[in-house]
Amino acid sequence: MDTAATFLGRLPLGRGWNLDGARGLLNKLRTYLPAEQIATVRRAYEFGAKAHSGQIRKSGEPYISHPVAVASILADLQLDYQSITAAILHDVVEDTPTAIEHIVLEFGEEVAELVDGVSKLDQIQFKSKAEAQAESLRKMMLAMARDVRVILLKLADRLHNMRTLGSMPADKRRRIARETLDIYAPMANRLGINDIRLELEDLGFRNLYPHRYQVIEKGLKSQLGGQKRMLKRVTNKLRKVLLEHHVQAEVTGREKHIYSVYQKMKRKEVSLEDVADVFGFRIVVDDADMCYRVLGHVHRTYRPMLGRFKDYIAIPRVNGYQSLHTMAVGPNAIPLEVQIRTRDMDNFANSGIAAHWLYKTDQSEEVAPQVRARAWLSGLEDYQADSNSEEFLESVKIDLFPDKVYVFTPRGDILRLPRGSTPVDFAYAVHTDVGNRCVSARVDRRRMPLRTVLTNGQTVTIKTERGAHPNPGWMNFVVTAKARAAIRGYLKQLRSEDAVKMGRRLLEYALVEFKAKIRHLKPEQMTELLGSMGLESRDSLYEQIGLGHQLAPIVARRLLSRNDELAAGDSESNSTELSITGTQDMVVSYAKCCYPVPGDSVMGHLSSGRGLVIHRQQCGNLAEFRKQPDKWIDVSWEAGIESQFMVAIQVEALDKVGALASVATRISNAGSNIDHVEVVDTDGDASSLRFSIRVKDADHLRRVMKQIDGMPDVLVVERVIAS
Ligand code: MN
């Protein structure tokens, strides 16, 4: 009785185990997994077989044979039992009524997450022209997977589907084959999983170009007889030479892969004969030193071709592949391609990132898959220290440590955005105009707020409107530099327009003192001043004044200095006032010390960079500012200002339960909103409460205060002003 049978004897297996390829899987698992882990896999098999029962594949086999075959491919890579379990369950959520929660309950979070990851990848629609988008799609998938085992699972899934593609209609076969060549084979290549890559390529090529495949296959076969003799002759010769030098080595002839032959023909524009006439050999030894010694023996046996030696041990390929490659002239002048590498290098060449599961067999040391992926990556980085493949590494890094999201435009193009991006970032990434005029967004067809954080694979549609403007509030959630810059630029432009208007009014106002008007100035007066100030236009002068960088009275005096008739010295005070309209938000602000509102008597202080700051006449800060009269101007409120102004009031009330609440109710009943409340002081039976509220004007404020004053428990109400 063989060992597998002994094991099978211990587990009461159902009939299905033997029918669906499960027995083969079991035998593979036995070689590297402990019995209790295999028991979990077996439980998954029973769970899956039940869930899929009654489902039949196109090939006529029961559905469960597919997940078992996928698990079997992963068992060849010696992946952990969680991956194997997830492989068996990978279609359960997608194709049966089983909920993911059920998997969590039965097999734990880790397995469920792997299953969920695969289901999510399956939902990506390959709707765009694959060729141009292939790279982005690969990245999107790698970014979505998060756990690299999800990708390995997906690759195994695709490999088995490709192996059984024969039962599909021809057009579907071609589509799947193209996708395999564009997306999955390069992905396997990037992760260094050569075995899977080669098979995906051959199957993809065969189904996409059946005719070309046949031609190459036939061409290779026709030489097979001679080829086999040649392979045997060289293999034997090399074995003999190595044996004579007491070198332990495994020498094998390499079979040719049809897709690689095709690509070589295409890339080098050579005939099938040229490619087919090359014979490949692989020599596997124990350690790296031995590789170089073997190389010497090979070169002494067959003359090496000049310039065809490559040392990928010292300088590995970008995906971590290591080996020595050389070409030599064989019997009958036939070119020989020889690869020499260690056992570890050989394993790595076949399994790539998956080899990290192969080596970490110590069960006591549970290593997170991301940690393993990181180890793999940092290994690559060490190798690549002085090669110029940064771009490759950069892209792998993005893939394994996703800090990007990949989303679709409605046309199926893919945009890559930083994690945390919103529809507004998306809109600006499409085009600045789209961002500037964006008013709403749909994410996967559903109307969503513009601040929604996007996730991988979503399709985003932006609605724009003519005349729409960026909203300053967007600054609070956009993450891309492009969106930030565009919104900031727009605000700056707004501010500059406001500043120009305000500056012109301030200058006009200052000129009144000299009984002058801007439109009565001679053009050269203005030109001369602009020249001396190094400014380009009147508008830039107005902007400087509006922003408070230049003082209007000084500019006025400089403008008029050569005009004796209207010379300064006329001390008659300015009887007009600058009016505040309540709409110059970008250049007029209201002081936080005294909170002026329309109806208060006020003064304006020109503050460099901040423009005009309005204070109440009673404000204590005025005394200080009056020392610089040039910076102060009389201002008045324009009638009918429609805006809300912040004021602070202080209320002294008897300390009773609910006092604060009833004052607040009065305030809001009087049509005012409360921004902030603070208990300033409590002395046992009375409290001082400070409210920051919003009112339309002084009248409104009086009404609010009167309401509060009328309350029986209120002792004092007063407006707060800085002293
Ligand atoms: Mn599947």
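Engineer: Any details on the overall build of the chain? Residues and values, ideally.
Structural biologist: Along the backbone of the chain there are 30 helices and 19 strands. Among the 723 residues that make up the chain, the fraction classed as buried is 49%. Partitioning the intrachain contacts of the chain with sequence separation of at least 6 by distance along the chain shows that 67% fall at a separation of at least 24. Carbon and sulfur atoms make up 49% of the accessible area of the chain, which amounts to about 36,300 Å² in all.

Engineer: Explain the coordination of the manganese ion to me, using residue names and the numbers behind them.
Structural biologist: Within the protein, the manganese ion binds to H66 (NE2), H90 (NE2), D91 (OD) and D157 (OD); these donor distances fall in the range 2.2 to 2.5 Å. The motif formed by the donor residues of the manganese ion, counted along the single chain, is H-x23-H-D-x65-D.

Engineer: Tell me about the side chain of T326, and name the residues and values.
Structural biologist: By secondary structure assignment, the location of T326 is in strand β4 (residues 324–329). In this structure the side chain of T326 is engaged in a polar contact, spanning 2.8 Å, whose partner is the side chain of H299. Look past the residues within four positions of T326 in its chain and what remains in contact with it is L295, H299, R308, F309, L336, E337 and V338.

Engineer: A description of the environment of G330 should follow, citing residues and the corresponding values.
Structural biologist: Relative to the elements of secondary structure, G330 occurs in the loop between β4 and β5 (335–342). Note on G330: relative accessible area 10%, which makes it buried. Residues G330 and M230 lie 100 residues apart in sequence; the distance between their C-alpha atoms is 9.3 Å.

Engineer: I'd like a rundown of the packing of helix α13 (residues 210–222) against helix α15 (residues 258–268), residues and numbers included.
Structural biologist: Packed helix pairs are specified by the crossing angle of their axes together with the interaxial distance, meaning the distance between the axes. Where α13 contacts α15, the axes come no closer than 10 Å and their chain directions differ by 100 degrees. Looking at the two axes, α13 sits roughly perpendicular to α15. Here R212, Y213, I216, E217 and L220 of α13 lie close against α15, whose contacting residues are I258, V261, Y262 and M265. Its residues placed into classes, the contact of α13 with α15 shows seven nonpolar, no polar and two charged.

Engineer: I'd like to hear about the pattern of salt bridges, residue by residue, with values.
Structural biologist: Where charged atoms of side chains with opposite charge meet at close range, the side chains can pair. In the structure shown here, the tally under the stated rule is 20 salt bridges. Between E46 and R42 there is a salt bridge; the shortest N-O distance is 3.3 Å. Linking E46 with R42, this pair stays in helix α4 (residues 35–51), spanning four residues, or about one helical turn. A residue is classified by how much of its surface remains accessible, and R42, at 13% relative accessible area, is buried. The shortest N-O distance in the salt bridge between R254 and E337 comes to 3.4 Å. Remark: E337 occurs in strand β5 and R254 occurs in strand β1 (residues 250–254); sequence separation between them is 83 residues. A network of salt bridges, in which partner residues are shared, links D80, E110 and R149.

Engineer: An account of the confidence of the model for the chain is needed here, citing residue identities and associated values.
Structural biologist: Per-residue confidence for the chain averages 81 on the pLDDT scale, and 84% of its residues sit at or above 70. For the chain, helix α1 (residues 3–10) is the element with the lowest average pLDDT, namely 39, and helix α22 (residues 423–430) is the one with the highest, namely 95. Predicted confidence for residues 359–367 stays below pLDDT 50, and this span has six contacts to residues more than four positions away or in other chains. Low confidence marks residues 562–575, where pLDDT is under 50. Its contacts with residues over four positions away, or in another chain, come to 14 contacts.

Engineer: Help me get a handle on helix α25 (residues 523–533), residues and values and all.
Structural biologist: Every buried residue belonging to α25 is among Q525, M526, L529, L530 and M533, and all of these are buried. Along α25, the residues classed as buried sweep out an arc of 125 degrees about the axis, all on the same side. Facing away from the buried side of α25 by over 90 degrees, the exposed positions are P523, T527 and G531. Contacts made by the buried residues of α25 are with α26 (538–546) and α27 (552–560). Directly beyond the C-terminal end of α25, a positive phi value near 70 degrees is found at G534.

Engineer: Tell me about the packing of helix α5 (residues 65–76) against helix α6 (residues 81–89), residues and numbers included.
Structural biologist: Their axes nearest at 7 Å, the elements α5 and α6 cross at an angle of 160 degrees. It follows that α5 is roughly antiparallel to α6 by the angle criterion. As for the relative orientation of α5 and α6, their crossing is right-handed in sense. Facing P67, V70, A71, L74 and A75 of α5, the residues of α6 in contact are S83, I84, A87 and I88. Counted by class, the contact of α5 with α6 contains eight nonpolar, one polar and no charged residues.

Engineer: Report on the sheet that holds strand β8 (residues 438–443), specifying residues and quantitative values.
Structural biologist: Read from one edge of the open sheet, three strands run β9-β8-β10, paired in antiparallel fashion. Because the sheet does not close on itself, it has two edges, and the strands there are β9 (446–448) and β10 (460–464). The sheet shows a mean angle of 35 degrees between the axes of neighbouring strands, taken without regard to direction. As defined by bridge partners, β8 adjoins β10 across five bridges and the pair is classed as antiparallel. Paired with A441 across the two strands is I462, which belongs to β10. α22 contacts β8 and β10 of the sheet and is inclined by roughly 80 degrees relative to β10.

Engineer: Explain a nonpolar patch on the surface residue by residue, including any values.
Structural biologist: A cluster of nonpolar side chains, contributed by L660, I674 and V677, occupies part of the molecular surface with about 200 Å² of accessible area. Within the element layout of this structure, V677 appears in strand β17 (residues 673–682). Under the relative-accessibility criterion, V677 is labelled partly exposed at 35%.

Engineer: Go over the nonpolar core with me, naming the residues and quoting the values.
Structural biologist: With 71 residues, the main nonpolar core has L25, L29, L74, I84, L89, L155 and I196 as its most contacted residues. In terms of residue count, helix α10 (residues 148–163) provides more of this core than any other element does, nine residues in total. Each of domain 1 (4–205) and domain 2 (218–358) contributes no fewer than three residues to this core. Not counting the four nearest positions on each side in its chain, L25 is found in contact with V41, V68, A71, S72, A75, I84 and I88.

Engineer: Before we move on, can you summarise the pairing of β4 with the specific residues and values?
Structural biologist: A regular strand carries its side chains on alternate faces of the sheet. Summarising burial for β4: six of the six residues are buried, a large majority. The side-chain alternation of β4 yields two buried faces, one formed by L324, T326 and A328 and the other by H325, M327 and V329. By the bridge criterion, six bridges tie β4 to β5 in an arrangement that is antiparallel. Across the sheet, the residue bridging to L324 is I340, located in β5. Linking two consecutive strands that pair antiparallel, namely β4 and β5, is a turn of five residues; a positive phi of about 60 degrees is found at N332 within it.

Engineer: Give me the lowdown on the packing of aromatic side chains, citing residues and values where you can.
Structural biologist: Within a pair of aromatic rings, the relevant descriptors are the distance that separates the centres and the angle that separates the planes. Counted according to the given criterion, the structure contains eleven aromatic pairs. Relative to W637, the ring of Y590 lies with its centre 5.9 Å away and its plane at 15 degrees, an arrangement referred to as stacked. Taken as a pair, Y590 in strand β12 (residues 588–590) and W637 in strand β15 (residues 632–637) lie far apart in primary sequence, 47 residues in all. Overall, the relative accessible area of 15% leaves W637 in the buried class. These aromatic residues form a ring-pair network of at least three members: F205, Y209, Y213, Y259 and Y262. If you follow R212 out to its NZ or CZ, it ends over the ring of Y209, 3.8 Å from the centre.

So, how was this worked out
Residues numbered from 1 in each chain as written. Predicted model: local features only at pLDDT ≥ 70, side-chain atom pairs only at ≥ 80, totals over all residues. Heavy atoms only, no water. Helix = DSSP H or I, 4+ residues; strand = E, 2+ residues; numbered from the N terminus. Buried < 20%, exposed > 50% of the residue type's maximum accessible area, 1.4 Å probe, protein only. Contact = heavy atoms within 4.5 Å. Areas by Shrake-Rupley, 256 points an atom, 1.4 Å probe, with all protein chains shown as cover. Donors = N, O, S within 2.8 Å, 3.2 Å for Na, K, Ca; no water. Polar contact = N/O pair within 3.5 Å; in protein donor to acceptor, adjacent residues only side chain to side chain. Axes fitted to C-alpha atoms, helices over the stretch in contact; angles between N-to-C directions. Parallel < 35°, antiparallel > 145°, perpendicular 65-115°, else oblique. Nonpolar A, V, L, I, M, F, W, Y, C, P; charged D, E, K, R; others polar. Salt bridge = Lys/Arg side-chain N within 4 Å of Asp/Glu carboxyl O. pLDDT = per-residue confidence, 0-100. Arc of directions from axis to C-beta. Left-handed = near helix turned anticlockwise from the far one by under 90°. Pairing = 2+ DSSP bridges. Patch = residues over 30% accessible without salt bridge, like charges linked within 9 Å, V, L, I, M, F, W, Y side chains within 5 Å. Core = buried A, V, L, I, M, F, W, Y, C linked by side-chain atoms within 4.5 Å. Domains from an automatic or database assignment. Phe/Tyr/Trp six-rings, centres within 6.5 Å; stacked < 30°, edge-to-face > 60°. Lys NZ or Arg CZ within 6 Å of the ring centre and 35° of its normal.

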